[in-house]
Amino acid sequence: MSPTQVVVIVIVVVIIAALVAFAVVANRRRALKQRFGPEYDRAVAEQDSRGAAERELRERERRHAELELTPLDPESRARYAAAWEELQVRFVDSPAETVSDADELVSRLIAERGYPTGDFSDQIAHLSVEHARTLTHYRDAHEIRQRNERGEARTEDLRQALVHYRALFADLLGEEPVGQPQPEQRHPDHDRDVTNR
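Scoring rules and cut-offs
- Residues numbered from 1 in each chain as written.
- Predicted model: local features only at pLDDT ≥ 70, side-chain atom pairs only at ≥ 80, totals over all residues.
- Heavy atoms only, no water.
- Helix = DSSP H or I, 4+ residues; strand = E, 2+ residues; numbered from the N terminus.
- Contact = heavy atoms within 4.5 Å.
- Areas by Shrake-Rupley, 256 points an atom, 1.4 Å probe, with all protein chains shown as cover.
- Core = buried A, V, L, I, M, F, W, Y, C linked by side-chain atoms within 4.5 Å.
- Buried < 20%, exposed > 50% of the residue type's maximum accessible area, 1.4 Å probe, protein only.
- Expected span 1.5 Å × (residues − 1).
- Phe/Tyr/Trp six-rings, centres within 6.5 Å; stacked < 30°, edge-to-face > 60°.
- Lys NZ or Arg CZ within 6 Å of the ring centre and 35° of its normal.
- Patch = residues over 30% accessible without salt bridge, like charges linked within 9 Å, V, L, I, M, F, W, Y side chains within 5 Å.
- Salt bridge = Lys/Arg side-chain N within 4 Å of Asp/Glu carboxyl O.

A. Examining the overall build of the protein chain more closely. Across its full length, the protein chain holds 9 helices and 0 strands. Contacts spanning at least 24 positions in sequence make up 65% of the contacts within the protein chain whose residues lie at least 6 apart. Counting only carbon and sulfur atoms, one obtains 53% of the accessible surface of the protein chain, whose full area is about 11100 Å².

Listed below in C-alpha cells is the structure:
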C-alpha cells in the first residue's frame, strides 16, 4: 500500500468515526429533549454549555432511577381527588389559605409517590424526569405561594396558583382530580383583603 492510500484510509476512518460520534450525540440529545421537553431548554439556559446541561439531565435520570416510586392505589387516588375538590370549593371563601393548603396537598402527594420533598430545587430535579411538562406550572405556583406569604399576591394570582398546582397534581395523580371547573374569582375589592393578610 502506498503512503497516499494509507492517508486516504486514515482520513476515511476518522470521518466515519466522527460521523458515528455525531450521530450518537445527536441521538442522546434528541432523547433528552423528548424526555425533558421544556425542562431541557431551561437546563441549557441555566448551564454554561449544552454539554453541561445534558450531563445535569443525565445525572437527574440516574438519581431518579434510584428512587422507589409507587403508583397510587385506587383508594389513595380517590382520597386525593376528594381533597382537591374540597380545596377548589374553599377557594371562594379563603383563597390565600387555600393556596397554602394546595401546596401542602401537592407535597403530600409527591411524598406518597416516593419523591423526596426536602429542598425545592432537588424536588424539581427529581420530578423533572417524569413530570417535566408540568414543572413550569409547579414553579409558578411556588413563586405565587411565596409572594402570598409576603402579602403580595392578589386574588387573581392566587387563582392562577391553584390552576398551576392542579396541573402537577393531575399529572402525579394520573388523571384530572375533578371536573374542569376552575376556582372562582372573588370580587376585585377582596384583593385588598388578601394582600393585607
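That shown, we press on.
B. Local environment of the nonpolar core. Membership of the largest hydrophobic core comes to 30 residues, with the highest contact counts inside it found for W84, V106, I110, L127, Y138, Y165 and F169. Mapped by element, the contributors of at least two residues to this core are α4 (74–91), α5 (95–113), α6 (120–131), α7 (135–149) and α8 (155–173). Sorting elements by how many residues they give to this core places α8 first, with 8 residues. The contacts of V106, once residues within four sequence positions are left out, are W84, Y138, Y165, L168 and F169. L32, A43, L57 and V129 belong to the second-largest nonpolar core, a separate cluster that totals 7 residues.

C. Spatial organisation of α8. If you check α8, its first and last C-alpha atoms are 26 Å apart, about what 19 residues at 1.5 Å a residue would give, namely 27 Å. Within α8, 14 of the 19 residues are buried, which leaves it mostly tucked inside the rest of the structure. Following α8 by one or two positions, G174 has its phi on the positive side, about 95°.

D. Quick look at the packing of aromatic side chains. For the structure on display, the rule yields 4 aromatic pairs. Aromatic ring contacts, followed pair by pair, group Y80, W84 and F169 into a single cluster. Over the ring of Y80 we find R79, and its NZ or CZ is 5.2 Å from the ring centre.

E. Spotlight on a nonpolar patch on the surface. Among the surface-exposed residues, M1, V6, I9, V10, V13 and V14 lie close enough to one another that they form a single nonpolar patch of about 580 Å² accessible area. Along the chain, the position of M1 falls in the segment before α1 (3–36). Take M1: its relative accessible area is 75%, and that puts it in the exposed class.

F. Quick peek at the pattern of salt bridges. In this structure the tally under the stated criterion is 18 salt bridges. Between R42 and E46 there is a salt bridge whose closest N-O contact spans 3.3 Å. In this pair, R42 and E46 are both assigned in helix α2 (residues 38–46), 4 residues apart and thus about one turn of the helix distant. Among the ionic pairs, R90 bridges to D101, the shortest N-O distance being 2.8 Å. Of this pair, R90 sits in helix α4 while D101 sits in helix α5, placing them 11 residues apart in sequence. Connected through shared salt-bridge partners, E39, E56, R60 and R139 make up one network.

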